[in-house]
Amino acid sequence: MNLVIHWDLEISVSSLPLTMIQLHRVTKYYEGVPALREVSLSVDKGEFVFVTGPSGAGKTTLLKLIFCAEQADEGQIIIQGMNTFRLDSSSIPYLRRNIGFVFQDYKLLPHKTVFENIALALKVVGTPHGDIERRAYQVLKKVSLEAKRHLTPPKLSGGEQQRVAVARALVNEPQVLLADEPTGNLDPQSGQDVFSLFKDINMKGTTVLVATHDWETVRKMQRRIITMERGRVTDIGQRAASATALQPDAVRTGAKSV
Amino acid sequence: MKGYGLFYFTAEAFRGLRANSLVNLLAVGTISMAMVIVGFFLLAFFNLQTSVNALGDRLEMSVYLKDGLTERDRDFILTRIKAEPGVKQATHLPKAGALELFRKELKGQESLIDGLGENPLPDSFEVTIHREYADRISDLSEKFSGYHGVEEVSYGRQGADAIAGLLKMITYGGSALAVLIGVSVVFIISNSVRLALYSRGQEIELMQWIGATKGFILGPFLVEGMLLAMIGAALAVGVLAALYYVLPPEVALFLSRPNGLDFLPPAVVAYMIAGGGLLGLTGGLISASRFLE
């Protein structure tokens, strides 16, 4: 009996995919103009990766494809073991529930309070009413904004608004966090705050992929850097030695058994 | 979608209705006016149908006699009529009596008869048929028409047939109009819902980004469309009821209680409102499905 349980456990652990995001020769055109050309890359579970490059390099397009906001014209994209080409439109919302997205312009609803903005993210996934207040409060505490939960976003600073956006992205505990120029509109200090939030989130096992051209922060953080230029990946970057060490225990066990 | 079913959609729909109150007020007003026309036709239809049924159910017939018959001839005809199975009662209504009856029916306008000069009404027998023979009434009429000395036989169902012709016209005309109005209601609702969708475009886009299903996003808008049309239909019923119960007959044309008409049966009122809801749902679906494409 014990032997069977052990065998099951080993199978389930060893079959956990280590790769969270994988792109294979992905090309995307906008009105005939290529925005991405034959991009191949992979991001492991629990990794923290920066995507950098000048404007028009294809960073945003890359994130949109991962998030299924756009469809690639060529190539394959596999997220959490699911091929996005095979997903029908009704399955996309369920994939997105596992991917938090942080936008440069925050995308908060200005007429709703901070709490309501967070609550909306909980409601769309069907969180029971009774849990919404507690979970929204917890996540706002994580970004140190619990005291401002009754204010509307226009009454907050840019940095605070971005922290609300991060809280909203995290409230459903996604496995992946994507951020597109999250500090683009922030002063350096607020930018630092947001990046340390990302670091904390990553420490707890969430895979983080940040598109930015904030070189200073990227260098300071010492994580893998994927460099893009004119729609191509010019440097895939070195996986940080700490990446595996930061993974959750279960994944780490699985990694050893493979 | 646990915990976010119809109750959530309805609460959100009311929020949406309040947010675009002016647009929605206009939509409801237009819909209710259109539905008043439908209700007007329904009222006419149901009242005519009642008349047709009532006339059809009448178990009486008038056997008109030719002029110049002797009393013996008349008695002979009467005996034959009475001998016919199914005849319950047959009474003689002489020319003078018929004129007197007519005069009573024309109460207030008797001068019309005075202008006629000689009494133009014929002698007749008023025949009542047993209820069990109701379906043989046309056979009996045909039989009596064949009797020597009988000019013509008329019975309620003939009047019923005439009204049934009118009813048919109203049914066809009303149905065509109802379809037209139905399409208009769908169009009005789809426009109102489209406006609501555009006014909350930012919120909808965000909901898509954070993993909301189509049903969760569109549910409140569909309920909003349904509510708009149902409120419009209920208002239309209110307007018709006001015409029927409150206004004097001269103002309400023939749509009034003092004229002896019935109001729409409760089931028809319920169908009108439910039908409005269905049209609203269709209008909402058209806009909503296009919007997310």
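The structure we're discussing is the one just above.
In short, a report on the structure. For every chain, the first residue of the written sequence is number 1, and numbering continues from 1 along that sequence. Ligands are numbered from 1 and chains lettered from A, in the order in which they are written. Where totals are concerned, whole chains, interfaces and linings use all residues; where local detail is concerned, this predicted model gives features only for residues with pLDDT of at least 70, and gives and counts side-chain atom pairs only at 80 or more.

### A word on the nonpolar core
Right, on to step 1. In this structure, Ile118, Ala167 and Leu178 of chain A are the most contacted members of the largest nonpolar core, which totals 115 residues.
Right, on to step 2. When residues of this core are assigned to their parent elements, the largest contribution, 18 residues, is made by helix α9 (residues 214-246) of chain B.
Right, on to step 3. What counts as a contact here is a pair of residues whose C-beta atoms, placed from the backbone, lie within 7 Å. For Ile118 of chain A, the contacting residues outside a window of four places in its chain are Ala136, Val139, Leu140, Ala167, Arg168 and Val171 of chain A.
Right, on to step 4. The next biggest cluster of nonpolar side chains, apart from the first, holds 14 residues, and it includes Leu65, Ile77, Ile137 and Val150 of chain B. When buried Ala, Val, Leu, Ile, Met, Phe, Trp, Tyr and Cys residues are joined through C-beta atoms within 7 Å, the set is termed a nonpolar core. With C-beta atoms placed from the backbone, the exposure class of a residue follows from how many other C-beta atoms lie within 10 Å of its own: 20 or more, buried; 12 or fewer, exposed; in between, partly exposed. Each helix corresponds to a stretch of at least 4 residues labelled H or I by DSSP, and each strand to a stretch of at least 2 residues labelled E; elements are numbered beginning at the N terminus.

### Section: the interface of chain B and chain A
Right, on to step 1. Each partner contributes residues to the interface: chain B has 14 residues there, and chain A has 14 residues.
Right, on to step 2. Of all the elements, helix α8 (residues 201-209) of chain B adds the most residues to the side of chain B that touches chain A, at five residues.
Right, on to step 3. Considering only residue class, the side of chain B that touches chain A consists of eight nonpolar, four polar and two charged. Each residue gets one of three labels, nonpolar for Ala, Val, Leu, Ile, Met, Phe, Trp, Tyr, Cys and Pro, charged for Asp, Glu, Lys and Arg, and polar for the others, Gly among them.

### What to know about the packing of helix α1 (residues 6-19) of chain B against α9 of chain B
Residues and elements named next belong to chain B.
Right, on to step 1. Viewed as axis vectors pointing N to C, α1 and α9 meet at an angle of 65°, and their least axial separation amounts to 8 Å. As the angle between them shows, α1 and α9 are arranged roughly perpendicular. You can see that α1 and α9 cross each other, and the crossing is right-handed. Note on element contacts: α9 touches α1 through Gly219, Pro220, Val223, Glu224 and Leu227, opposite Phe9, Thr10, Glu12, Ala13, Gly16 and Leu17.
Right, on to step 2. Class assignment for the residues of the contact of α1 with α9 results in six nonpolar, three polar and two charged. The axes are straight lines fitted to the C-alpha atoms, using for helices just the contacting stretch, and the angles between their N-to-C directions are given from 0 to 180°. Here roughly perpendicular refers to angles of 65 to 115 degrees, roughly parallel to angles under 35, roughly antiparallel to angles over 145, and oblique to all remaining angles. Note on convention: the crossing is left-handed when the near helix lies turned anticlockwise from the far helix by less than a right angle, right-handed when the turn is clockwise.

### Overview of the sheet that holds strand β1 (residues 19-30) of chain A
Residues and elements named next belong to chain A.
Right, on to step 1. Two strands qualify as a pair provided DSSP detects at least 2 bridges between them. Read across the open sheet, the four strands follow the order β2-β1-β4-β5; overall the sheet is antiparallel. Only two strands of the sheet have a single partner each, and these edge strands are β2 (33-44) and β5 (82-83).
Right, on to step 2. Sheet analysis places strand β4 (residues 74-79) next to β5, joined by two bridges and oriented antiparallel. If you follow Ile78 over to β5, its bridge partner there is Asn83.

### Digging into unusual backbone geometry
Residue and element names in this part refer to chain A.
Right, on to step 1. One non-glycine residue, Glu38, lies in positive phi territory at about 45°.
Right, on to step 2. Topologically, Glu38 is positioned in strand β2.
Right, on to step 3. Phi is positive for Glu173, which is not a glycine, with a value near 50°.

### Structural notes on helix α7 (residues 188-203) of chain A
All names here are of chain A.
Right, on to step 1. What a helix should span is 1.5 Å times the count of its residues minus one. Its 16 residues place the ends of α7 22 Å apart at the C-alpha level, agreeing with the 22 Å of an ideal helix rising 1.5 Å per residue.
Right, on to step 2. Where α7 is concerned, the buried positions are Gly191, Val194, Phe195, Leu197, Phe198, Ile201 and Asn202. Looking straight down α7, one finds its buried side chains confined to an arc of 150°; they lie on one side. For α7, the exposed residues set more than 90 degrees away from the buried face come down to Gln189, Ser196 and Met203.
Right, on to step 3. Summarising the contacts, the buried residues of α7 are in contact with β3 (48-52), α6 (158-170), β7 (176-180), β8 (207-211) and α8 (215-221). The reported arc concerns the directions from the helix axis to the C-beta atoms and nothing else.

### Overview of the environment of Gln161 of chain A
Right, on to step 1. Along the chain, Gln161 of chain A falls in helix α6.
Right, on to step 2. Considering only alpha carbons, one finds Gln161 of chain A and Asp105 of chain A, 56 residues apart in sequence, at a separation of 9.1 Å.

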